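Report on the structure
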There are 2 protein chains.
Amino acid sequence: MKRGGADDAFGQLLWDCHRGADVAELIELDDGYLEVATTHCKTYFSDFEEWSVQERTAIKFARGRVLDVGCGAGRASLYLQKRGLEVWAIDSSPLAIKVCQHRGIKRAVLLPLERVAGLGTARLDTVLMFGNNLGLLGSYEKARRLLPRLHGLTAPTARIIGTTRDPYVTKSREHKEYHRWNRRRGRMAGELRLRVRHKKLIGPWVDYLFASEPEVRRIVAGTGWRVERIVRRGAEAQYAMILEKY
Amino acid sequence: MKRGGADDAFGQLLWDCHRGADVAELIELDDGYLEVATTHCKTYFSDFEEWSVQERTAIKFARGRVLDVGCGAGRASLYLQKRGLEVWAIDSSPLAIKVCQHRGIKRAVLLPLERVAGLGTARLDTVLMFGNNLGLLGSYEKARRLLPRLHGLTAPTARIIGTTRDPYVTKSREHKEYHRWNRRRGRMAGELRLRVRHKKLIGPWVDYLFASEPEVRRIVAGTGWRVERIVRRGAEAQYAMILEKY
């Protein structure tokens, strides 16, 4: 992927935001549905105090050498780096990594989760998948490949800390329609295929998984990880999850 | 156009908003540029107190029998109707007209500006083109056809009250690029070709003119109308204009 290429819509959004704009993040689903994913891109630059309770609770489980997967503008990495942890921030967007570097993140690397083995760090203690980035596990099948791989790259006491959204917590007729369409084509209901749109830029299609608690438990089973803790808040769709090795 | 058809993206946005949603209005330019036109669709439902100073000043020039061109959710029509004026609200969006009818506008008619002669009312005293709807004049050529037509449908003391945006009041690199592209293809800089996107719906392409004060003066000259007054606020792009017959 070229640095700041025509498909780095997400990175350009972050870069524009870093330069002072505060616009919405727009995503397009593969059924043509267009929506505002994030009203203010500044959310990607938010401080700890502005995060959801779920995230503020979950981040406390981070320790040691941390991999921040899909780091975006680096809000979680910055928080942990300031607290003295060794953070490796990775993202598949060239401009996201540039933003992270500009913001002072010491180890920001252009790398998609699929190629994390190429990072060549010593054993990781924490894998962080914040901002619903458990979704980057992509699908049942992809998650079943990636979770064992993360198992191999991490220390015996390592944790995965992530957030996702329960897709069934929605009142949107269109979201429910999309779930049904997904099932008909053999995908999980919350297995979104989406791309970011920003100005004239169109991002690459990405599979991004929203999954309920039982669905995540089924995905995790037998991968070397177990669900240690779930952090929910009332009936909110977003929840955090701490996985540990067994 | 079918009532609530697949191309009534704008109307569906207003209808969803009328039913309680508050989402952004998204527009796409014909160069592929996608942007948030209105952060909150509730803006289309706003009361007088929430309008710009330009609009609050300009609306006071309305009197008699009023044609509200591109009425949207009918905010201006409702305001004038409550003050006892006879308001005819027209829009080319079937669902916009449905929203107006639900909101109690007595004379809301599905009709594009181009077919305004078909309305068959007695002589109009005021033609209102609010919410930047002077833009519905579309282009230099189209405006030169429409303004004399409006002249013929209106009383001798009639006024056109409208707002538009000065396209040159922008810092956006992309907007400036679009202006240059427009000039290269023989259009005025601010002659936007755009369509509304809402969820899966894609509106029809519409020519929508943003013009500076000198440009509007050039358009108006010799059409039977003269610029009676301009209402600006500081260096803001939006301005209002009162046209009268001469």
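Anything mentioned here points back to the structure above.
Residues numbered from 1 in each chain as written. Chains lettered and ligands numbered in written order. Predicted model: local features only at pLDDT ≥ 70, side-chain atom pairs only at ≥ 80, totals over all residues. Heavy atoms only, no water.

**Notes on the overall build of chain A**
Secondary structure summary: chain A contains 7 helices and 12 strands in total. Taking 2.2 N^0.38 as the reference for a compact globule, 246 residues should give roughly 18 Å; the C-alpha atoms of chain A span a radius of gyration of 17 Å, in line with that estimate. Here chain A holds 246 residues, and the buried ones make up 57% of them. Long-range contacts, defined as pairs at least 24 residues apart, comprise 61% of the intrachain contacts of chain A with a sequence gap of at least 6. Working note: accessible area of chain A is about 10,800 Å², and carbon and sulfur atoms make up 49% of it. A gap of 3 Å separates the mean positions of the 43 positive and 29 negative side-chain charges of chain A. (Helix = DSSP H or I, 4+ residues; strand = E, 2+ residues; numbered from the N terminus. Rg over C-alpha atoms; globule rule 2.2 N^0.38 Å. Buried < 20%, exposed > 50% of the residue type's maximum accessible area, 1.4 Å probe, protein only. Contact = heavy atoms within 4.5 Å. Areas by Shrake-Rupley, 256 points an atom, 1.4 Å probe, with all protein chains shown as cover. Lys, Arg positive; Asp, Glu negative; His and termini not counted. Charge placed at Lys NZ, Arg CZ, Asp CG, Glu CD.)

**Things to note about the sheet that holds strand β5 (residues 108–110) of chain B**
Residue and element names in this part refer to chain B. Read across the sheet, 7 strands follow the order β5-β4-β3-β6-β7-β12-β11 without closing on themselves; strand pairing throughout is mixed. A strand with exactly one partner marks an edge of an open sheet, and here the two such strands are β5 and β11 (225–231). Taken over all neighbouring pairs, the strand axes of this sheet differ in orientation by 20 degrees on average, direction set aside. Where helix α3 (residues 75–82) meets the sheet, its contacts fall on β3 (65–69), β4 (86–91) and β6 (124–129), and the angle it forms with β4 comes to roughly 170 degrees. With respect to the sheet, helix α5 (residues 140–153) is in contact with β6, β7 (154–165), β11 and β12 (238–245), its orientation differing from that of β7 by roughly 140 degrees. (Pairing = 2+ DSSP bridges. Axes fitted to C-alpha atoms, helices over the stretch in contact; angles between N-to-C directions.)

**Describing the interface of chain A and chain B**
Each partner contributes to the interface: chain A provides 14 residues, whereas chain B provides 14 residues. Overall, the association of chain A and chain B removes approximately 1,400 Å² of surface from exposure, summing both partners, and the carbon and sulfur fraction of that is 58%. Sorting the residues of chain A by area buried against chain B places Leu34, Lys199 and Lys200 of chain A first, and these three jointly supply 45% of that buried surface. Summed over the shared surface of chain A and chain B, the result is 6 residue pairs in polar contact (both at pLDDT 80 or more). Of all the secondary-structure elements, those providing two or more residues to the side of chain A that touches chain B are β1 (25–29), β2 (34–38) and α6 (173–184) of chain A. Looking at the side of chain A that touches chain B residue by residue, the class counts come to 5 nonpolar, 2 polar and 7 charged. (Buried area = accessible area lost by both parts, 1.4 Å probe. Polar contact = N/O pair within 3.5 Å; in protein donor to acceptor, adjacent residues only side chain to side chain. Nonpolar A, V, L, I, M, F, W, Y, C, P; charged D, E, K, R; others polar.)

**Considering the pairing of strand β8 (residues 191–198) of chain A**
Residue and element names in this part refer to chain A. Of all the 8 residues making up β8, 7 are buried; the element is thus mostly covered by neighbouring parts of the structure. Two elements, β1 and β8, share 4 bridges in a ladder whose sense is antiparallel. By the bridge assignment, leucine 26 is partnered in β8 with arginine 197. Pairing of β8 with strand β10 (residues 206–209), which is carried by 4 bridges, proceeds in the antiparallel orientation. Its bridge partner lying in β10, leucine 192 is registered against tyrosine 208. Bridge analysis of β8 against strand β9 (residues 201–202) gives 2 bridges, and the strand direction is antiparallel. Looking at β9, one finds that histidine 198 is bridged to leucine 201.

**A few points about the relation of the copies chain A and chain B**
For the match of chain A to chain B, the screw axis carries a shift of 0.0 Å, the RMSD comes to 0.0 Å, and the turn is 180 degrees. The two molecules are tied by a two-fold rotation axis, judged by turn and shift. Relative to the rotation axis, the closest C-alpha in chain A is found at threonine 39 of chain A, a distance of 4.1 Å. A shared binding surface is used by both copies, with 100% of the interface residues of chain A retained as interface residues in chain B. (Least-squares fit on C-alpha atoms with pLDDT ≥ 70 in both.)

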